[in-house]
Amino acid sequence: MKVRNRNLDPERIADFESFRSGILELIVKNKPLSEILNEIVFGIETLNPTMVCTIVLIEDSKIKIGAAPSLPKDYNDAIEGVTIGPEVGSCGTAAYTGKRVIVEDINKSHLWKNYKEIALKVGLLACWSEPIRSHGDTVVGTFAIYHHQIAIPSEFDIFIISETADLVSIAIDKSTTSSKLTESEKRFRDFFEKNSSMILIIEPITGDIYDANEAAVLFYGFPHEQIIKMNIDSINVMNQDDLKKERLLAIAENKSFFTFTHKLADGQTKQVEVYSTPIESNNRPLLFSIIHDVTERKIAEEKVNALLSEKEMILREVHHRIKNNMTILNNLLQLQASANESEEVRNSLKEATSRIKTMSLLYDKLYSGKINQELSLYEYLVPLTNEILSLFPSPVQLQMKVESIMMASEQLQAIGIITNELLTNSLKYARNTAHELEIRVNAWLNDSIFYLIICDNGNGFHLNDSNEETNGFGLNLVKMLTKQFKGNLSFNGEKGAEYQFKFPLSLSNHNSNRL
């Protein structure tokens, strides 16, 4: 087993180990080699979008494309069948010398003098190639990473290219061994004993360890003659009955991937992923199990989770402090309003207080435990409306019908501000001594369009009488927010004032219930 540099980014290592686990699962399921090689290339390119990868196989000293889905066909055709040698690009040279070849600038490399024209034509400027060795230490191919710019590999890049070449080696060896197992027990034995991955062969009913390769012996710390006399129950800390059920699932091919805690000879415990597939030896069913140590990955995941928890705690504290500051500001404005003799000033301060409450209530919802998540429109809009009405002393008959729609906080804040401005407008101007003021608030979602209607039974007014200068700050603010959300605001002033606000709402999951 290789000792990995602990200075590498644990998050990126965790991503690679997760990808590696998926490939190993394909290997133990005996997926076709071509499918596995393509998955390896796609996986590395997904983890590292600036990379273009290829797996080259060597047959009779000639290059054969194993997997190169992202390279142009003209380029693949040009190198297919080329004989390897000391100056045959990065892959041909790496396969010939058996050593890693790093070419940072194809245009200036003597290794590419006969092939740089086709490479530069398709925009390939750098190429790093790693030999792929079989269990017998024979070079069977190369794994190469191309770049569309001059590129020097980092320490993590070297880790990626080396580990991926080893992974391809396992895939090739497993494919070769599986297809020829019945023809050559010796080849299987060589693969088993010399493979760098830990492998155990287990009797599924009793759990007895039938055999262990050298890598497994080194990992667990038991001598070979001792470990093959042991039962898997003495290594796996899971309850014996439950562990037997898992083995039976594996032998029946109902399950192939397992996560266990294994105990080593020195008492240490390791988190492992086990990929088990049934095989036969002398008409005897056995489990061929590849064990992969994921302890470092689990530690990295725990560190990431701890950082996420710390980030969430900081965000909660920020929201909490903002809410407290808003409360102080709100109280100061209320004191200023009560101490001022001018009704116009008091009304202006009251409007400012209302706007602050709109934002304060949203932060209150965030602080209650929904940081960075969608919030319920119903849980926000109903208490907000009641808060706004409480600022005005006269009675109001309120009718609300609001759907429980999960929305992003920035969307809710805009809706809250719009609701505040339109409600305040009704409370200030719609009162009529002939009857009690009635206000209706409806909000719903239809075909991914969000609708908000706010109307009153006041005297209304003509939209023609309204313009940018006479609207005032509130209505101009509503129009600005409507434009920002690519929405539409319509008005009807014939029988009271009725505002309809709508905008497209794209949510991956908006279960809405009318309340």
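A. Molecular detail of a nonpolar patch on the surface. Side chains of I328, L332 and L335 sit close together on the surface and give an oily, nonpolar patch of about 310 Å² of accessible area. Here L335 lies in helix α11 (residues 295–339).

B. Molecular detail of the pairing of strand β15 (residues 449–456). Most of β15 sits out of view: seven of its eight residues are buried. Judged from the eight bridges that link them, strand β14 (residues 438–446) and β15 form a sheet pairing that is antiparallel. Note on β15: the bridge partner recorded for R440 is C455. Linking β14 back to β15 in an antiparallel pair, the connection comprises two residues, with D447 at a positive phi of about 55°.

C. Examining helix α4 (residues 89–97) more closely. Across the nine residues of α4, seven count as buried, placing the element largely inside the fold. Turning to α4, its buried residues number three or more, namely G89, S90, C91, G92, T93, A94 and A95. Summarising the contacts, the buried residues of α4 are in contact with β1 (52–59), β2 (62–67), β3 (101–103), β4 (126–133) and β5 (139–147). Of the residues trailing α4, G98 is marked for its positive phi of about 75°.

D. Region of the structure containing the packing of helix α1 (residues 10–28) against helix α2 (residues 33–47). Closest axis-to-axis distance for the α1/α2 pair is 10 Å, and the angle between their directions is 170°. By the criterion of interaxial angle, the relationship of α1 to α2 is roughly antiparallel. Only I36, E39, I40, G43, I44 and L47 of α2 make contact with α1, whose side of the interface consists of D15, F16, F19, I23, L26 and I27. Residue classes in the contact of α1 with α2 are distributed as nine nonpolar, one polar and two charged.

About the thresholds
Residues numbered from 1 in each chain as written. Predicted model: local features only at pLDDT ≥ 70, side-chain atom pairs only at ≥ 80, totals over all residues. Heavy atoms only, no water. Patch = residues over 30% accessible without salt bridge, like charges linked within 9 Å, V, L, I, M, F, W, Y side chains within 5 Å. Areas by Shrake-Rupley, 256 points an atom, 1.4 Å probe, with all protein chains shown as cover. Salt bridge = Lys/Arg side-chain N within 4 Å of Asp/Glu carboxyl O. Helix = DSSP H or I, 4+ residues; strand = E, 2+ residues; numbered from the N terminus. Buried < 20%, exposed > 50% of the residue type's maximum accessible area, 1.4 Å probe, protein only. Pairing = 2+ DSSP bridges. Contact = heavy atoms within 4.5 Å. Axes fitted to C-alpha atoms, helices over the stretch in contact; angles between N-to-C directions. Parallel < 35°, antiparallel > 145°, perpendicular 65-115°, else oblique. Nonpolar A, V, L, I, M, F, W, Y, C, P; charged D, E, K, R; others polar.

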